[in-house]
Structure formats: structure tokens, C-alpha cells
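What follows is each chain in one-letter form.
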Amino acid sequence: MAPDIAAVRTSEPRMQRAIGCAGIRFRSQSETTRLERLFQEGCAKIRLPKPIDGADPQAILINTAGGLTGGDRLATEVDLGPEAAACVTTQACERIYRSTGADAVVGNTLRLAAGARLAWLPQETILFDGGRLSRSLEADLAGDAELVAVEAVLFGRVAMGETLRSGHLHDRWRIRRDGRLIFADDLRVEGDIAARLAPQPALAGRRAMATVLFAGATPERFLDQARSVIGPNGGASAWNGKFLARLVEETGLALRRRLEPLLTLLMGGRELPKVWQL
């Protein structure tokens, strides 16, 4: 049967979208963490730089689409076996470009077996005017597993004079230990983002912010030094086996200068990935 040419001509064009899915699993063997499984599909890729002697293995997440816009979808799963240790980061800052209406959806899932240690260190996300992002972080920790996690957002690029007059950001965290919820956070801002972030109780007009979480033993030991690092533009607290910090700054560079020593502190002095070192 011949195709209905009229129907083809009048149908709405379908826009190409970036879809990616990646998964990685590490296991500990003879007190050394080794790769057990690697999966990548679509625009989501993972690269494994050669680890320095004694350092935790690193996994570098790459979005070959070069950014995200409405309708794009990325999913990442990280799985650590008992006593395994690893660091997962991104090749560069993720960029959220103007959308025609739909959200870019990013889902990250972390699973840590007993005694495992993970540093989840994606670089900053840059939200452009009109960008829409819905992102979730789900982490399941077993026993005495340890997690250091950060998510940072830049609301436009100050050096380019960008102002966010429209957009949407929904950042959702759910962290569980042995199946019990220990931390939940939902950040949602939309509409005229610059106006919404201008009041003092919000960001006081600043353009960069980050949330940092440590889930592990005796987090109170970090408080004094962490507050000194963070300075007046943020705060930190520790309770019930977790440490939480919020940081805001005028620029992405100023935020990075605060994040680097704070993350190094929470990681017990271990070096940040090379991609973090400006």
C-alpha cells in the first residue's frame, strides 16, 4: 500500500533528542577495587583513566551530545560491591539549553554495599535562559558504606552577561541506608529565575550554588574546618550520621574555589579528579 503523502506532509515534525544510559560496577578483590561491569548506550559514555598507585579508581561520565535540552534523557547507575571504593565525575560542566517546553530529565542511581566508599563528584551544571531540567539522585547505602556527593548549579554565565528570565529546575535527592530514608531534599525554582533568586532568603542575587552531602561515620568532625572553608556565603550542619553543606557564590569560579577544599576535607584528604583541577 502506498504511503499517505498528505498525512506525512501535515504531521508535526519529530525533533531529534539525546538519549543516553550508562552503568558501572566495581568490586573489591584482594583489597583492590576492580571494574566488574561497564555498560553504555546512546550519548552516555564512561571513560576510565589509569589510576595513580594507591588512589581510588575513577570513572568519567561523558555526554557526547554536548549538552541537554527539552526532551533529552540521561540515566546513570553506579554500583559498588562490599569494600569497593571509587570516584565518579564528569568530563566537563553539563549545559542545559533553552527548551521548547519539555524538561531535560537526568536520573542518577547509586548503590553501595557494606564497607563501600564512593565520591560522586559531577562538575557544575550550567542552566541557560529558557532551560528546563528535572534531575534526581537516588542512593542506597548498606551497613557502613560512605558517600560524598555534590551537585552544583550555575544560573547563567556571569562573564557573558546572561540573565535567566525563564526556566525550570527541579533537583531531587533521596538517600537511604539499609532501606531507611536518611536524607531527602527537593529544590524547585521556575519562571523568572533571576527575580526569584534575588531576595536575601534565597541566593541574594548570586548566580552559583551547591549542595554537598557526606553520609558516613562521625560527620561532626568536619564541622569546624568546613565552616571555615565555606565562609559567610553558606552553612553546614551534621546530625544522625550525615553532614550537609550549602554554598552560594557570585560566580562559578568563586564557588569552585570553595568546593575544592571542602570536598577534599570530606574525602579524607584524597585528591580530586584531574578534571576538577582548574
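On a predicted model such as this, the values are computed, not experimentally measured, just so you know.

**Student:** How should I be thinking about the pairing of strand S2 (residues 32-42) in this particular structure?
**Tutor:** Regular strands place their side chains on alternate faces of the sheet. Both strand S1 (residues 19-29) and S2 contribute to a ladder of 10 bridges, which runs antiparallel. Paired with Ala 22 across the two strands is Gln 40, which belongs to S2. The hairpin turn running from S1 into S2, its antiparallel successor, is two residues long, and Ser 30 in that turn takes a positive phi close to 55°.

**Student:** Just checking my understanding: could you explain the nonpolar core for this structure?
**Tutor:** The tendency in soluble globular proteins is for nonpolar side chains to be buried as a group. Counting residues in hydrophobic clusters, the biggest one holds 49 residues, and the most contacted among them are Leu 110, Leu 118, Trp 120, Leu 147, Phe 155 and Ile 175. Ignoring anything within four residues of it in the chain, the contact list for Leu 118 reads Val 78, Leu 80, Ala 86, Val 88, Leu 110, Leu 112, Glu 146, Leu 147 and Val 148. Within the second largest apolar cluster, 32 residues are counted, among which are Val 212, Ala 236, Leu 247 and Leu 255.

**Student:** Before we go on, may I ask you to explain the sheet that holds S2 in this structure?
**Tutor:** Strand pairing in a sheet relies on backbone hydrogen bonds, with the paired strands running either antiparallel or parallel. A sheet is described by the order of its strands in space; here seven strands give the open sequence S2-S1-S5-S8-S11-S13-S14, paired in mixed fashion. With one partner strand each, in any of the chains shown, S2 and strand S14 (180-190) form the two edges of the open sheet. When strand polarity is set aside, the average angle formed by the axes of neighbouring strands in this sheet is 5°.

**Student:** What is the right way to read the packing of aromatic side chains from this model?
**Tutor:** Each aromatic ring pair is characterised by the separation of its centres together with the angle its planes make. Inspection of the entire model under this criterion finds four aromatic pairs. With a centroid separation of 6.0 Å and an interplanar angle of 85°, the aromatic rings of Trp 173 and Phe 183 are classed as edge-to-face. One end of the pair, Trp 173, is in strand S13 (residues 168-177); the other, Phe 183, is in strand S14, and 10 residues separate them in sequence. Between Phe 214 and Phe 222, the aromatic rings sit 5.0 Å apart at their centres with planes inclined by 75°, giving edge-to-face as the arrangement.

**Student:** Where do I start with the layout of surface pockets in this structure?
**Tutor:** Taking a probe equal in size to a water molecule and rolling it over the atoms shows the remaining empty space. Of the pockets and cavities examined, the largest pocket occupies roughly 440 Å³. What lines the largest pocket is a set of 28 residues, among which Leu 61, Asn 63, Leu 74, Thr 90 and Glu 94 lie closest to the centre. Elements represented by at least two residues in the lining of the largest pocket include exactly strand S3 (44-47), strand S4 (58-63), strand S5 (73-80), strand S7 (94-96), strand S8 (104-112) and strand S11 (132-141). Residue composition of the lining of the largest pocket, grouped by class: 14 nonpolar, nine polar and five charged. Volume-wise, the second largest pocket comes out at about 360 Å³. Ala 55, Asp 56, Gln 58, Glu 271 and Leu 272 are the residues nearest the centre of the second largest pocket, which is lined by 23 residues in total. Of all elements in the fold, only S4, strand S6 (85-90) and strand S9 (117-121) reach the threshold of two or more residues within the lining of the second largest pocket.

**Student:** Looking at this structure, how should I read a nonpolar patch on the surface?
**Tutor:** Together, Leu 35, Leu 38 and Leu 48 make up an exposed nonpolar region whose accessible area comes to about 230 Å². Looking at the element boundaries, Leu 48 is found in the loop between S3 and S4.

**Student:** Whenever I open this one, helix H4 (residues 252-266) confuses me. Can you help?
**Tutor:** Between its first and last C-alpha, H4 extends 21 Å over 15 residues, near the 21 Å set by a 1.5 Å rise per residue. Those residues of H4 that fall on the buried side of the exposure criterion are Leu 255, Arg 256, Leu 259, Glu 260, Leu 262, Leu 263, Leu 265 and Leu 266. Just past H4, the residue Gly 268 takes up positive phi, approximately 70°.

**Student:** Whenever I open this one, unusual backbone geometry confuses me. Can you help?
**Tutor:** The phi angle of most residues is negative, glycine excepted, and most peptide bonds adopt the trans form. Located in the positive-phi region is Ala 204, a residue other than glycine, with phi close to 55°. Backbone geometry places Asn 240, a non-glycine residue, at a positive phi of 50°. Within the secondary structure layout, Asn 240 lies in the loop between strand S16 (234-239) and strand S17 (242-249).

**Student:** Would you explain the pattern of salt bridges in this entry?
**Tutor:** Side chains that carry opposite charge are capable of pairing whenever their charged atoms lie near each other. Enumeration over the complete set of coordinates arrives at 19 salt bridges. With its nearest N and O atoms 3.1 Å apart, the salt bridge here joins Glu 138 to Arg 176. Placement of Glu 138 in strand S11 and of Arg 176 in strand S13 is noted, with a sequence separation of 38 residues between them. Arg 206 is the salt-bridge partner of Glu 250, the closest N and O atoms lying 3.8 Å from each other. Within this pair, whereas Glu 250 is found in the loop between S17 and H4, its partner Arg 206 is found in the loop between helix H2 (193-197) and strand S15 (208-215), the two being separated by 44 residues in sequence. A residue is classified by how much of its surface remains accessible, and Glu 250, at 45% relative accessible area, is partly exposed. Put simply, Arg 25, Arg 27, Glu 36 and Asp 79 are held in one network by salt bridges that share partners.

**Student:** I'm lost on the packing of helix H3 (residues 223-230) against H4 in this one. Help?
**Tutor:** Each pair of packed helices can be described by the angle between their axes along with the distance between the axes. Two elements in contact, H3 and H4, have axes whose closest approach is 9 Å; the angle formed by their N-to-C orientations is 170°. Taken as axis vectors, H3 and H4 run roughly antiparallel relative to one another. Taken together, the residues of H4 that come into contact with H3 (itself represented by Gln 225, Ala 226, Val 229 and Ile 230) are Arg 258, Pro 261, Leu 262 and Leu 265. Here the contact of H3 with H4 is composed, by residue class, of six nonpolar, one polar and one charged.

Rules behind the numbers
- Residues numbered from 1 in each chain as written.
- Predicted model: local features only at pLDDT ≥ 70, side-chain atom pairs only at ≥ 80, totals over all residues.
- Heavy atoms only, no water.
- Pairing = 2+ DSSP bridges.
- Helix = DSSP H or I, 4+ residues; strand = E, 2+ residues; numbered from the N terminus.
- Core = buried A, V, L, I, M, F, W, Y, C linked by side-chain atoms within 4.5 Å.
- Buried < 20%, exposed > 50% of the residue type's maximum accessible area, 1.4 Å probe, protein only.
- Contact = heavy atoms within 4.5 Å.
- Axes fitted to C-alpha atoms, helices over the stretch in contact; angles between N-to-C directions.
- Phe/Tyr/Trp six-rings, centres within 6.5 Å; stacked < 30°, edge-to-face > 60°.
- 1 Å grid on protein atoms, 1.4 Å probe; cavity = no way out; pocket = protein on both sides within 12 Å on 5 of 7 lines; lining within 4 Å.
- Points joined across faces, edges and corners; volume = space filled by probe spheres on them.
- Nonpolar A, V, L, I, M, F, W, Y, C, P; charged D, E, K, R; others polar.
- Patch = residues over 30% accessible without salt bridge, like charges linked within 9 Å, V, L, I, M, F, W, Y side chains within 5 Å.
- Areas by Shrake-Rupley, 256 points an atom, 1.4 Å probe, with all protein chains shown as cover.
- Salt bridge = Lys/Arg side-chain N within 4 Å of Asp/Glu carboxyl O.
- Expected span 1.5 Å × (residues − 1).
- Parallel < 35°, antiparallel > 145°, perpendicular 65-115°, else oblique.

By themselves, these observations are geometric and do not establish any function.
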